[in-house]
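# A structural walkthrough
The lines below spell out each chain.
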Amino acid sequence: TAGAWVGIGWRPSSMAGGQALLDVGTGKTFEMGMGGADIVLGEVDASASVGAGASGEASGESGTVSTMYAALYTGPPEASNDLAIADAEAFFEPADGGGTDGGGTGRVALAFSRATTGTGRLYSDLRAVNDSSASTKASILGQASDILWATGVSDGDGAFYHEATRGVRYVAWLDPTSSFVDAMKC
């Protein structure tokens, strides 16, 4: 279990068009790749200590949580402090009943809070070019937003390529039940 990780990412305006979005690394041409995603990564690390870490990183009960940004369509994301998160923790929940509800999943768990707008690389980049609609375009509440996830095992130097254990979903955060019909729940 040491070295197992889970990552969750957001691409506000990922399905929107327009040169302004392409210029800051997001939009429809990045569909199915990671480009333009702010990512929260939780990694189980047996040597992690309990307590708060550096800005953009916090240590959980048995793992670390960090924020990253995917500048590339494919390839490793880079460390980033653009996405503000709070109350972050990552831990391994054993399958032998170690879960908080008495049962266990045998999975890496990642928990945190984030704002729906006003944070993330897209927001920072749009503000840098004085885009007056930065908050709207960089909101995960928009209809053109999606969520990405991936899991994997560390190669000893942190999170490593996820192979086929990844996915993407367009989510209507203001009406999430419309995005997750029973046959498509993750």
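Residues numbered from 1 in each chain as written. Predicted model: local features only at pLDDT ≥ 70, side-chain atom pairs only at ≥ 80, totals over all residues. Heavy atoms only, no water.

### Observations concerning helix α2 (residues 121–128)
Considered for burial, the residues of α2 that qualify are Arg121, Leu122, Tyr123 and Leu126. Buried residues in α2 make contact with α1 (19–23), β2 (37–44), β5 (63–70), β6 (78–79) and α3 (134–137). (Buried < 20%, exposed > 50% of the residue type's maximum accessible area, 1.4 Å probe, protein only. Helix = DSSP H or I, 4+ residues; strand = E, 2+ residues; numbered from the N terminus. Contact = heavy atoms within 4.5 Å.)

### Quick word on the side chain of Thr119
Structurally, the position occupied by Thr119 is in the loop between β8 (107–114) and α2. Residue Thr119 is classed as buried on the basis of its relative accessible area of 8%. Here Asp82 takes part through its backbone oxygen, which lies 3.2 Å from a polar atom of the side chain of Thr119. Polar side-chain contacts of Thr119 include one of 2.7 Å to the backbone nitrogen of Ala84. (Polar contact = N/O pair within 3.5 Å; in protein donor to acceptor, adjacent residues only side chain to side chain.)

### Comments concerning the environment of Val153
Tracing the sequence through the fold places Val153 in strand β9 (residues 146–153). A sequence separation of 109 residues divides Val153 from Val44, and the C-alpha atoms of the two residues are 9.5 Å apart.

### Here's the deal with the nonpolar core
Judged by nonpolar contacts, the single largest core of 14 residues is most densely connected at Trp10, Val40, Val65, Val108 and Leu110. Counting residues per element, the ones that place at least two in this core are β1 (4–11), β2, β7 (85–93) and β8. The leading source of residues in this core is β1, at three residues. Beyond its immediate sequence surroundings of up to four residues, Trp10 is in contact with Gly36, Ala37, Asp38, Val40, Leu83, Phe112, Arg114, Ile140, Asp146, Ile147 and Trp173. The next biggest cluster of nonpolar side chains, apart from the first, holds nine residues, and it includes Trp5, Leu41, Leu148 and Ala150. (Core = buried A, V, L, I, M, F, W, Y, C linked by side-chain atoms within 4.5 Å.)

### Here we look at unusual backbone geometry
Non-glycine residue Asp87 carries a positive phi angle of around 50 degrees. Here Asp87 shows up in strand β7. Accessibility expressed as a relative area gives 66% for Asp87, which makes it exposed.

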